[in-house]
Amino acid sequence: MDKKYLQIPSLLEKIYKAMSDSVYIYDLKDQCIVWLNERGRKLYGYPFEDICSISDIPFYANLIHPEDLPRMQTALREAQSLPDGDVISVEYRFKDRSGKYHWIQDRITAFSRDDKNNVSAILGVASCANERKVNEDNLKKTIEKLNVSLAAAKMGTWEWDIENNTIIWDQRMYEIHGLSYNPEVSPMDAVWKSAFREDMEYVNIRAQVAAQEKKDFYTTYRVTYSNQEVHHIRSYGTFIRSGELDRMYGVAWDSTVEVLTEQQMAEAKAKLISATKMAALGEMSGGIAHEINNPLTVIQARAFQLGQMVEANKLDPEKVKQAAESISRTSDKIARIIKSLRSFAREGTHDPFEVIPVKQIVEETLEFCRTRFYNHGVEIEIVPFDSELEVECRLIQIEQVLLNLLNNSFDAVHELENKWIRICVKELVSAIEIHVIDAGPGIPSSVADQIMLPFFTTKEVGKGTGLGLSISAGILRSHKGALQLDKNAQNTTFIIHLPKWQHDEALNY
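This is a predicted model, so every value here is computed, not measured.

> How should I be thinking about the overall build of the protein in this particular structure?
Of regular secondary structure, the protein possesses 15 helices and 17 strands. The buried share of the protein, reckoned over its 509 residues, is 40%. If you sum the accessible surface of the protein, you get close to 29400 Å²; carbon and sulfur atoms cover 52% of it.

Structural data, given as structure tokens:
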């Protein structure tokens, strides 16, 4: 303890006591610690006397973790020729008195030199790095799990430096886009050559808007592989501001199978809708035939009347006029039925929204089923409502929904003793409701929550697909509306809820 470099001024002694780090002096020749501040003694639990007397082999050989010892020995060798002012930084695990290891971040600098100007003692400032190492380990594990997840999902990652407009891809991004890995070529330059130009122009606009508004974005685009296969790429990016830098980080994946599956499902759904509509038309065919046969009978009778007058050479102008007007009115009725049939047979999904009188929706739908209801003794009642009431919709689709509800009501009541169906139209502030009520006692609570599910039906086998209500609910959702079963009503009641205008938000049901 009589070495000159241990004659530390009192000011430095006070500073070392106040420091939160461990400060020590290590003699390179004797290979032992010759001075340690109070913080270091408390941190490792060794009295200074024990530290000075630790074994007859090098001090660090006893207290440094075996895996880290070579790294520490290398640092000590380098320290022997360390220029003044230079610092060696080294990490290692140090064993405290209880035998527990702590991660240490050590900064070593030359403290004193011998007569040959070689470093004879070093000054070390050691900080406990346990928390940082735990965080680093957790981060490493998280990244490993993330990489496993991304690999399993076949996702690539990308980073966009917004200020410098540079993009970095990982290797999987190149694979997803069918490109060879080449970090020297800008990823966007490469993808623009294989992507659909109109898609990329849209992606560029979306990305720029997201960057300006500091928001996340999601987009889809198509690329053509070298074998001419078209692949659909989906990408999600999130905006992050780090210090003064704006960046976007994201993932991308090949969604070709997903897109093709969605297309197949859409086609299948369209076929199911068509099949459901054709089934409804089949159920109504008898009534529709009757609707047309009656007017045809009137036309035939009027034509016979005109023929008789010609043969008898007794043309009465007034009677001829009446016969012609009757034929014209009856033909118009047949034309309306045929028009409704042709319209109903169409799918209607891509029709434009039009402002339609609600009265027209109700009356045209009833053209399909009024006679059928009459022939089976089912009374149909329309509660009076404002004939000027209008709603913005796709006419064919809303008529399909209403007709489906009417057919369901018919199936439910046509064998009852008291059989009736009532249509009640209500006007709300920004929406309209069409209530279809029938004589049935309501839907049992055991199935009420399932009634809108696809393929769920309470009808006998062969009499229902279980798709009508599901498809109808979907149509109304596309109109920002809803199909609701009134569970509290005394009789079975379904409610068609529609906003008056498509720019208005639908109420939550």
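The structure having been displayed, the exposition proceeds.
> What's the story with the packing of helix α8 (residues 187–194) against helix α9 (residues 197–213) in this structure? I'm lost.
Each packed pair of helices is defined by two parameters, the angle between the axes and the distance between the axes. Contact pair α8 / α9: the axes reach a minimum separation of 8 Å and the direction vectors enclose 140°. Remark: the crossing between α8 and α9 carries right-handed chirality. Two secondary-structure elements touch here, α8 through M188, V191 and W192 and α9 through R197, M200 and E201. Partitioning the contact of α8 with α9 into residue classes produces four nonpolar, no polar and two charged.

> Could you clarify how one ought to interpret the layout of surface pockets in this entry?
Sizing a probe to match a water molecule and rolling it over the atoms shows the empty space that remains. Estimates place the volume of the second largest pocket at around 360 Å³. Lining the second largest pocket are 19 residues, with I167, M188, M200, V203 and A207 sitting closest to its centre. Every element with two or more residues in the lining of the second largest pocket is listed here: β6 (155–161), β7 (166–169), α8, α9 and β8 (217–224). Here the lining of the second largest pocket gets five residues from one element, more than from any other, and that element is α9. Counted by class, the lining of the second largest pocket contains 13 nonpolar, six polar and no charged residues.

> How should I be thinking about the sheet that holds strand β17 (residues 493–499) in this particular structure?
Sheets are built from strands that pair by backbone hydrogen bonding, the pairs being arranged parallel or antiparallel. Judged by pairing direction, the sheet is mixed, and its five strands sit side by side in the order β12-β14-β15-β17-β16 without closing on themselves. For this open sheet the edge positions go to β12 (379–382) and β16 (482–485), each flanked by a neighbour on one side alone. Across this sheet, the average inter-strand angle for adjacent strands is 15°, counted without regard to direction. Pairing geometry for strand β15 (residues 431–438) and β17, over seven bridges, is antiparallel. The residue of β17 that forms the bridge with E433 is H497. Relative to β15, helix α13 (residues 395–413) is tilted by about 20°, and along the sheet it contacts β12, β14 (420–427), β15, β16 and β17.

> Could you clarify how one ought to interpret the environment of V413 in this entry?
Along the chain, V413 falls in helix α13. The spatial distance from the C-alpha of V413 to the C-alpha of D438 is 7.2 Å, given a sequence separation of 25 residues. Leaving out residues up to four positions away in the same chain, V413 has contacts with V378, K419, W420, I421, D438, A439 and G440.

Reading the values: rules and limits
The residue numbering used here restarts from 1 in each chain and proceeds along that chain's sequence as written. At least 70 in pLDDT is required for a residue's local features to be given in this predicted model, at least 80 for side-chain atom pairs to be given and counted, and no such filter applies to totals for whole chains, interfaces and linings, which use all residues. Heavy atoms from the whole structure form the basis of all side-chain values; hydrogens and water molecules are not counted. Helix and strand assignments come from DSSP, with helices taken as H or I runs of at least 4 residues and strands as E runs of at least 2, each series counted from the N terminus. Residue exposure (1.4 Å probe, protein chains only): buried if accessible area is under 20% of the type maximum, exposed if over 50%, otherwise partly exposed. Note on areas: these come from Shrake-Rupley sampling with a 1.4 Å probe, and a residue is covered only by the protein chains present in the view. Between N-to-C directions, angles span 0 to 180 degrees; the directions come from axes that are lines fitted to C-alpha atoms, helices contributing only their stretch in contact. Take the far helix as the reference: if the near one is turned anticlockwise from it by less than a right angle, the crossing is left-handed, and if turned clockwise, right-handed. Contacts are residue-level and defined by heavy atoms, with any inter-residue pair within 4.5 Å sufficient. Any residue that is not Ala, Val, Leu, Ile, Met, Phe, Trp, Tyr, Cys, Pro, Asp, Glu, Lys or Arg is counted as polar, Gly included; the first ten are nonpolar and the last four charged. Definitions used for this entry: grid spacing 1 Å over protein atoms alone; cavity, a set of points where a 1.4 Å probe fits but cannot get out; pocket, an open set with protein on both sides within 12 Å along at least 5 of 7 lines; lining residue, one with an atom within 4 Å of a point. Grid points are joined across faces, edges and corners, and a volume is the space filled by probe spheres set on the points. Two strands make a pair as long as DSSP finds a minimum of two bridges between them.

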